[in-house]
Amino acid sequence: MKPSANRSLISRFVRENATTVTLASIFIALLAVFGLILGDRLLSVGTFQSIAFQTPELGILALAMMLALLSGGLNLSIISTANLCALTIASVLQYTIPWGDAGSVLWLTWQVGAVAAGLAVAILVGLLNGFIIAYFGVSPILATLGTMIACKGLAIGLTRGNVLSGFPDPIVAIGNGTFLGVPLAFLLFIVLCVFVSVVLRRSSFGQKVYLVGANEKAALFSGIHVKRVLLMTYALSGALAGCGGLVMMARFNSANASYGESFLLISILAAVLGGINPYGGSGKVSGLFAALLLLQLISSAFNLMNFSQFLTIAIWGALLIGVSALRSGTGIFDRLFLFEFWRAKSAVSEKA
Amino acid sequence: MPKTIQRWTRSHEFWLLAVVVILSMFLTAATDSFLTLQNLFDLLTSTSFAGILAAGLLVVLVFGGIDISFTAIASVAQYVALTIAKTYPIGWFGVFFVACCIGILCGLFNAAIIHKVRISSVIVTISTLNIFYGSLIYITRGDYITSLPTYFREGIWWFEFTDSNGFPYAINLQALLLVVSFFMTWVLLNKTNIGRQICAMGGNEIAAERLGFHVFGLRCLVYGYMGFMAAIASISQAQLAQSVTPTTLIGKELEVLAAVVLGGASLTGGKGTVFGAVLGVMLIAILQNGLILLGVSSYWNQFFVGCVILLAVSATALSQRRRHAGLAS
């Protein structure tokens, strides 16, 4: 009976991680196709390193978006939060006198303080979102749309639209340095992924986020403090957006009120592609991670083939519709799709 | 009679109108340039693009859907129509015809995907925004069109008259299209059977479907209408800018959404009036215009707009909550 037990374990894993498995198989298939076309140019350390450099910016912002989506909402203010956070860090670094000499512990503390100030601003914006959504009952799209415009306006007003650039080496290293060949930003992204995953899966707060997202009324009637959960969700989303801002400013070595605006809708696209239910209540970090790698693979391969980045975003849009069609099961492709076939077969064998 | 008045004073539009009137009175008193024909005409001309889009988006919101892709549709429609107009003498009718066909086709594409794939319209239209926009820039390489036909550059200039200071005024293309768009939307939503069906769908989709409404047909009509309005808006914008830049319209979609929502349209469907949408667009336009006239640095523009949106949506939500509480007790 051992083999069948094994098989049911595998099929259970596949069923529970359907999105991740689907995306991973698309990833492998595309890697094979692009690998055949491009050969060594794609399958090199350099390509994978560049994927690892590019993933964190969008990835961390997508994590921030994911949290809001899981709770049944949406956070349109992530980019302006990120920029406000980056500008706060940048102005602390530029307008205060550095503590101690370059390289000393005191000097590092000063930079950690700047980053902490930026993250505090990001969390404040998140709390404002959460407060308006939870306690005033404003729909998340509207509340975060308002804070998006207000935060961007505040950033433009304070900086007069100017760019702040030139930061100390440790900050720049976050965006451009590597550790054993792996970009530091990617390591930060992995750490945040693990953190969010653990919070969602292993903490009672995480479970409450899923419940609130699945059915807010039922969650309320089962004794969950829905308002507090929403407040914390948006605060955490703001904090993650702030981390995204830190990575962005480190990579460009500059900060501005309107960097990265094209990431806003793309982060929703990535999250939904990663299996996050846009109505809330389900979705995993692993799915999001697979989706991000898939998007970056397409981007890098197209780049090597000298296609414009605009063709890439068109393909990203088509990919989301295609994968959603597969997932909804009403599309015309579902019979053609191997995975569905496999799932049907394993369901039959389980019954037997 | 008093009952109708009472209902009117409780409506969202009444409060919005009050805010607009008070703001206008304040600006008239504080500046001597706000209430001039010149400024009001400029205001009308510059809000034309956002206003026409707001009229289209209102119908989608009332229907219970949402569309994010309209700026991309507008870019595509504008680019194709004026590329053709540059080489062939198709005239005004031709420009509008080509643009509207493209707009409606893109809208129908959205409707078909939303209906077939059955995922939320936000997600579909975010995807199609990327598809339309990405393909447009890929094919055109982002080139500008500057050499527009003469008739198009001149626009229209009807019923010219001159004020006491000697400034000439006339009804221009932007003002005309804006008024016609809102009027058409008003007729569609309030005076036709289909308009009532759209409201019913937005109120309760399942009930409407069981009553025998043709859901797919309505969806096509609503998203097609949005595409049509996007095309009209894009022509208005191209005439004003005197050139076509394929990258300039993208990113305005959330501002238009904010204006319509400020006007009282609900994101869950079934609610929203043309008058409200007009007021929402007006409030944002007057606010931005007023800040400039008051001498506030234009860098602070967006901040105030954002704050007004936050205040408006919070006030609406709180008053609704209070009304629900009142009904319950």
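It should be noted that the structure appears before, not after, this text.
Structural notes, computed from the coordinates. (Residues numbered from 1 in each chain as written. Chains lettered and ligands numbered in written order. Predicted model: local features only at pLDDT ≥ 70, side-chain atom pairs only at ≥ 80, totals over all residues. Heavy atoms only, no water.)

**Some thoughts on the interface of chain A and chain B**
Contact with chain A, which involves 49 residues of that partner, is made by 39 residues of chain B. Of the roughly 3700 Å² buried between chain A and chain B, counting both surfaces, carbon and sulfur atoms make up 78%. Interface area lost by chain A to chain B is led by Ile149(A), Leu265(A) and Ile321(A), which between them contribute 16%. Inspection of the region where chain A meets chain B yields zero salt bridges. For the side of chain A that touches chain B, the element with the highest residue contribution is helix H6 (residues 140–159) of chain A, accounting for 15 residues. Among the residues making up the side of chain A that touches chain B, the classes are represented as 34 nonpolar, twelve polar and three charged. (Contact = heavy atoms within 4.5 Å. Buried area = accessible area lost by both parts, 1.4 Å probe. Salt bridge = Lys/Arg side-chain N within 4 Å of Asp/Glu carboxyl O. Helix = DSSP H or I, 4+ residues; strand = E, 2+ residues; numbered from the N terminus. Nonpolar A, V, L, I, M, F, W, Y, C, P; charged D, E, K, R; others polar.)

**Regarding the state of the cysteines**
Two cysteines form a disulfide when their sulfur atoms are joined by a covalent bond. Tallying each qualifying case throughout the model produces zero disulfides over all chains. With no disulfide of its own, Cys220(B) lies closest to Cys106(B) among cysteine sulfurs, the gap being 14 Å. Cysteine Cys307(B) shares no disulfide, and the gap to the nearest cysteine sulfur, in Cys151(A), comes to 9.2 Å. Overall, Cys307(B) belongs to the partly exposed group, its relative accessible area being 27%. (Disulfide = S-S within 2.5 Å. Buried < 20%, exposed > 50% of the residue type's maximum accessible area, 1.4 Å probe, protein only.)

**What to know about unusual backbone geometry**
Residues and elements named next belong to chain A. Within the chain, Leu180 stands out as a residue other than glycine whose phi angle is a positive 55 degrees. Positive phi, normally seen in glycine, also occurs at Asn306, with a value near 65 degrees. Here Asn306 lies in the loop between helix H13 (285–304) and helix H14 (309–328).

None of this, on its own, says anything about what the molecule does.
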